[in-house]
Amino acid sequence: MHVLSLSSSSIFLFLFLTSTIPISAAEPTTSQPPAPRRRQHRELSGDYYSKTCPQLENLVGSITSQRFKEVPISAPATIRLFFHDCFVEGCDGSILIETEKGSKRLAERDAEENKELREEGFESIIKAKALVESHCPSRVSCSDILAIAARDFIHLAGGPYYQVKKGRWDGKRSTAAVVPQNIPRSNSTVDQLIKLFASKGLTVDDLVVLSGSHTIGFAHCKSFTGRLYDYKGTKRPDPTLDPRLLKELRMSCPFSGGSSGVALPLDTTTPFVFDNGYFTGLGTNLGLLGSDQALFLDPRTKPIAVEMARDKQRFLKAFGDAMGKMGSIGVKRGRKHGEIRTDCRVFL
Ligand code: HEM
């Protein structure tokens, strides 16, 4: 039984301390980029770089496969990074911008909601961009590299390989102030989630299917302690949480004095594999986040979650399709709205 194995072994309890790996610098170029011209008003396309950087996917792939071997946590980190990029100002690489030194105007990545985005995700994109720049200078947007890297990591972890359409330009704005209303919270209600996803052009099906990316990766205690000790002001734990899992979680995440670096798997059954284990876990009350378990309780979302738990292939196919939709949110094209950055961390 899932929970017994949880109780009897510490294998499911993972401790990650905040990474201190330095970010390597991409080589900025000084000249104005000869960005792609004629496609400005067209849709994203699979062959967008067929003339300007035909080896793009191989270049990014060489970095993602190396990172997956050496720093596997880069996979969930990058997938989440892509999600947080797309939901704020569209998929335009604005999450990668660093706050200017001394500036009070914080960039997106420094918003409270983005504090737990792991460095390993940012670092994967910086490395991929540096390699791409060395072969195709000033041609490929950071936002396209992020979209390709997220797909690669999903596939490397056992998930679907879907075609990534390209042609995104990088945004010219990155503002922490607009993040809170665009990023869902671990205690969001299903109503709030449905509304937020709808505002991005995503359906209830997309919401459930995309939440399936919690089949890999981890959450820090603060993302779910509300469920362990004082659920909705009741001074009691969330009654929908499996009692044995509750005990385990309380041991790793005490009411006070715990380490802020502790992170536990979102999918307690197969936390390193991109499968439908997240959905089967929800079926036995093993969802870690309140917002995840809620999907299995609400009549609008439960049938979809049940179907994803029943049919892994169906989930993988639906996930690839939904990522394509998510990757098209608020896409910018052309110099008026965008740019092709040389260093993903700073505007041109
Ligand atoms: C439906 C609403 C969602 C909510 C409320 C939500 C919330 C969260 C929270 C609270 C965490 C843990 C953060 C931490 O404590 O470190 C997390 C992790 C994660 N989320 Fe979501 N998320 C949602 C949807 C998504 C979507 C749509 C994706 C991608 C398509 C995604 C990908 C991930 C990944 C991969 C992780 C693990 C990150 C890591 O281990 O570094 N999430 N999410």
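Up top you'll find the structure we're talking about.
Being a predicted model, the structure only gives us computed values, none of them experimental. For every chain, the first residue of the written sequence is number 1, and numbering continues from 1 onward in sequence order. In keeping with the model being predicted, local features are shown solely for residues with a pLDDT of at least 70 and side-chain atom pairs are shown and tallied solely at 80 or more, while totals for entire chains, interfaces and linings include all residues. Excluded from the side-chain calculations are hydrogens and water; all other atoms, namely the structure's heavy atoms, are used.

Here's the deal with the overall build of the chain
Turning to step 1, where the next piece is worked out: Counting its secondary structure elements, the chain contains 13 helices and four strands.
Turning to step 2, where the next piece is worked out: Contacts: residue pairs with any heavy atoms within 4.5 Å of one another. Looking at the chain alone, contacts between residues at least 24 apart form 78% of all its contacts between residues at least 6 apart.
Turning to step 3, where the next piece is worked out: Looking at the chain as shown, the accessible area adds up to about 15,900 Å², and 55% of this sits on carbon and sulfur atoms. Labels follow the DSSP assignment, with helices taken as runs of H or I lasting at least four residues and strands as runs of E lasting at least two, numbered in each case from the N terminus. Throughout, the Shrake-Rupley method with a 1.4 Å probe supplies accessible areas, and for residues the shown protein chains are the sole cover considered.

Focus on helix H7 (residues 204-211)
Residues spaced three or four apart along an α-helix face the same direction, because each turn holds 3.6 residues.
Turning to step 1, where the next piece is worked out: Burial within H7 is extensive, with six of its eight residues counted as buried.
Turning to step 2, where the next piece is worked out: On the buried face of H7, the contacting elements are helix H6 (190-199), helix H10 (277-283), helix H11 (290-295), helix H12 (302-310) and helix H13 (312-326).
Turning to step 3, where the next piece is worked out: For H7, the N-terminal cap is Thr203; the gap from its side-chain oxygen to the backbone nitrogen of Asp205 is 3.4 Å. Classification of residues uses two cut-offs on accessible area relative to the type maximum, computed with a 1.4 Å probe and protein chains only: under 20% is buried, over 50% is exposed, and between them is partly exposed. Throughout this description, a polar contact denotes any pair of N or O atoms lying within 3.5 Å of each other; where both atoms belong to protein, one of them has to be capable of donating a hydrogen while the other can accept it, and for residues adjacent in sequence the pair is counted only when both atoms sit in side chains.

Some details on the pattern of salt bridges
Turning to step 1, where the next piece is worked out: By salt bridge we mean one thing: a side-chain nitrogen of Lys or Arg within 4 Å of a carboxyl oxygen of Asp or Glu. Here the structure, examined in full by the defined rule, presents 23 salt bridges.
Turning to step 2, where the next piece is worked out: Residue Arg300 is joined to Asp298 by a salt bridge in which the shortest nitrogen-to-oxygen separation is 3.0 Å.
Turning to step 3, where the next piece is worked out: Here Arg300 falls in the partly exposed class, since its relative accessible area comes to 39%.
Turning to step 4, where the next piece is worked out: For Asp298, a relative accessible area of 15% corresponds to the buried category.
Turning to step 5, where the next piece is worked out: Residue Asp321 is joined to Lys317 by a salt bridge in which the shortest nitrogen-to-oxygen separation is 2.7 Å. One end of the pair, Asp321, and the other, Lys317, are both in helix H13, four residues apart, so they sit about a helical turn from each other.
Turning to step 6, where the next piece is worked out: Residues joined by salt bridges that share partners form a network here, namely Glu57, Arg151, Asp152 and Lys166.

Examining the site of the ligand
Turning to step 1, where the next piece is worked out: If you check the shell around the ligand, you find 25 residues, and the closest are Arg118, His214, Phe218, His220 and Ser223.
Turning to step 2, where the next piece is worked out: One of the side-chain nitrogen or oxygen atoms of Arg118 is found 2.6 Å away from an oxygen atom of the ligand.
Turning to step 3, where the next piece is worked out: A distance of 2.6 Å separates an oxygen atom of the ligand from a polar atom in the side chain of Ser223.
Turning to step 4, where the next piece is worked out: Only protein atoms enter the 1 Å grid used here, on which a cavity is any set of points holding a 1.4 Å probe that cannot leave and a pocket is any open set flanked by protein within 12 Å on both sides along at least five of seven lines; residues with an atom within 4 Å of a point are listed as lining. Just a note on the criterion: a molecule sits in a pocket or cavity if more than half of its atoms are within 2 Å of the grid points. In a pocket analysis with a 2 Å cut-off to the grid points, the ligand is assigned to the largest pocket.
Turning to step 5, where the next piece is worked out: Mapped by element, the contributors of at least two residues to the shell around the ligand are helix H3 (74-87), H6, H7 and strand S2 (218-220).
Turning to step 6, where the next piece is worked out: Examining the composition of the shell around the ligand, we find that four residues originate from one element, H3, more than from any other.
Turning to step 7, where the next piece is worked out: Just so you know the grouping, Ala, Val, Leu, Ile, Met, Phe, Trp, Tyr, Cys and Pro go in nonpolar, Asp, Glu, Lys and Arg go in charged, and all remaining residues, Gly too, go in polar. Looking at the shell around the ligand residue by residue, the class counts come to 13 nonpolar, eight polar and four charged. Note on definitions. A residue lies near a molecule or strand when any single heavy atom of the residue is within 4 Å of it.

Digging into the state of the cysteines
Turning to step 1, where the next piece is worked out: Counting rule for disulfides: a pair of cysteine sulfur atoms within 2.5 Å. Enumeration according to the criterion identifies four disulfides in this entry.
Turning to step 2, where the next piece is worked out: Here Cys53 pairs with Cys136 through a disulfide, and the sulfurs are 2.0 Å apart. In this structure, the disulfide formed by Cys53 and Cys136 twists by about 65° around the S-S bond and is classed as right-handed. Of this pair, Cys53 sits in the loop between helix H1 (2-8) and helix H2 (56-70) while Cys136 sits in the loop between helix H4 (119-135) and helix H5 (142-156), and the two are 83 residues apart along the sequence.
Turning to step 3, where the next piece is worked out: Cys53 sits in the buried class, given a relative accessible area of 1%.
Turning to step 4, where the next piece is worked out: Disulfide connectivity for the chain, with bonded cysteines indexed by sequence position, reads 1-4, 2-3, 5-8, 6-7.

Observations concerning the coordination of the iron atom of the ligand
Turning to step 1, where the next piece is worked out: Just one protein ligand coordinates the iron atom of the ligand, and it is His214 (NE2) at 2.1 Å.
Turning to step 2, where the next piece is worked out: Structurally, His214 can be placed in the loop between H7 and S2. Think of the donor list as every N, O and S atom within 2.8 Å of the metal, or within 3.2 Å for Na, K and Ca; water never makes the list, so a site can look incomplete.

Details of the packing of aromatic side chains
Turning to step 1, where the next piece is worked out: Centres within 6.5 Å make a pair out of two Phe, Tyr or Trp rings, where for Trp the six-membered ring is used; the pair is then stacked when the planes are under 30 degrees apart, edge-to-face when over 60, and tilted otherwise. Enumeration according to the criterion identifies 11 aromatic pairs in this entry.
Turning to step 2, where the next piece is worked out: Aromatic pair Tyr278 and Phe279: ring centres 4.8 Å apart, planes at 75°, arrangement edge-to-face. For the pair formed by Tyr278 and Phe279, the shared burial category is buried.
Turning to step 3, where the next piece is worked out: Clustering of aromatic rings is evident, with ring pairs tying together Phe274, Tyr278, Phe279, Phe315 and Phe319.
Turning to step 4, where the next piece is worked out: Distance and angle both matter: a charge sits over a ring if NZ of Lys or CZ of Arg is within 6 Å of the ring centre and within 35 degrees of the ring normal. Against the face of Phe122 rests Arg109, its NZ or CZ located 3.8 Å from the ring centre.

Notes on unusual backbone geometry
Turning to step 1, where the next piece is worked out: You will see that Glu89, though not glycine, has its phi angle at about 70°, which is positive.
Turning to step 2, where the next piece is worked out: Given a relative accessible area of 22%, Glu89 falls into the partly exposed group.
Turning to step 3, where the next piece is worked out: With a phi close to 65°, Lys235 is a non-glycine residue in the positive phi region.

Thoughts on the layout of surface pockets
Turning to step 1, where the next piece is worked out: Considered as a void within the structure, the largest pocket measures approximately 1,000 Å³ in volume.
Turning to step 2, where the next piece is worked out: As for the largest pocket, its lining consists of 39 residues, of which Arg80, His84, Pro184, His214 and Leu289 are closest to the centre.
Turning to step 3, where the next piece is worked out: When contributions to the lining of the largest pocket are tallied by element, the ones reaching two or more residues are H3, H6, H7, S2, H11 and H13.
Turning to step 4, where the next piece is worked out: Broken down by element, the residue count for the lining of the largest pocket peaks at six residues, all from H3.
Turning to step 5, where the next piece is worked out: For the lining of the largest pocket, a count of residues per class yields 21 nonpolar, 10 polar and eight charged.
Turning to step 6, where the next piece is worked out: Segmentation into domains, and thus their bounds, comes from an automatic or database assignment. Domain assignment of the residues forming the lining of the largest pocket places at least three in each of domain 1 (2-12 + 184-325) and domain 2 (56-183 + 327-339). Grid points are joined across faces, edges and corners, and a volume is the space filled by probe spheres set on the points.

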